[in-house]
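If you want the building blocks of each chain, they are given just below.
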Amino acid sequence: MQILVDADACPVKHIIVRLAKQHKIPVTMLMDTAHVLNDGYSSVVTVDQQADSVDFALISLLTRSDIVVTQDYGLAAMVIGKGAKAMNQNGLVFTNDNMDKLLMERHIGKEIRRRGGRTKGAPKRTKADDTRFEAVFAEMLASASTDV
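Given the structure is predicted, the values throughout are model-derived calculations rather than measurements. (Residues numbered from 1 in each chain as written. Predicted model: local features only at pLDDT ≥ 70, side-chain atom pairs only at ≥ 80, totals over all residues. Heavy atoms only, no water.)

A. Representation of the pairing of strand S2 (residues 27–32) in the model. Burial runs high along S2: six of the six residues are buried. Residue alternation in S2 divides its side chains into two sets, Val27, Met29 and Met31 and Thr28, Leu30 and Asp32, and both sets are buried. Note that strand S1 (residues 3–6) and S2 share four bridges and pair parallel. Bridging from a neighbouring strand, leucine 4 pairs with threonine 28 of S2. Note on the crossover from S1 through helix H1 (residues 13–23) to S2: the handedness is right-handed. The pairing of S2 with strand S3 (residues 43–47) spans five bridges and is classified as parallel. Bridged to methionine 29 within S3 is valine 44. (Buried < 20%, exposed > 50% of the residue type's maximum accessible area, 1.4 Å probe, protein only. Helix = DSSP H or I, 4+ residues; strand = E, 2+ residues; numbered from the N terminus. Pairing = 2+ DSSP bridges. Right-handed = clockwise from strand over helix to strand, strands pointing away.)

Put into structure tokens, the structure is as follows:
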């Protein structure tokens, strides 16, 4: 088991690393060449700056026992399709039950923007977002540790 992180814009990398160290679970951060990271614990995989290059690299490393942190619904759909666990930076666990709705909302938003409309962006990140992520992530790690 390992933790794979779509790390380009991930605001909770420090929480992931801290909890992974406690559970002695390896972390792989995947990012494109526009980003640099050295946290002293994670393995870092750097890929070209092309559309979805991080997603494809992450999927190629994925096993069923892994946990993925991403805010990308498309990547999350591929992860759960391969039987692994996925969650976002706010503590939302992606499942087969919520994925269709999330992908449909993403599609509708893209259509609105393509036609010149505007959609509301994500709200400003708060300490409560970090707290919620940490609680859900810790629970997922504890559950995964007992599954192994």
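From this point on, the discussion continues.
B. Representation of the pattern of salt bridges in the model. For the structure on display, the rule yields six salt bridges. A salt bridge links aspartate 130 to arginine 125; the nearest nitrogen and oxygen atoms lie 2.9 Å apart. Connected via shared salt-bridge partners are Glu111, Arg114 and Arg115. (Salt bridge = Lys/Arg side-chain N within 4 Å of Asp/Glu carboxyl O.)

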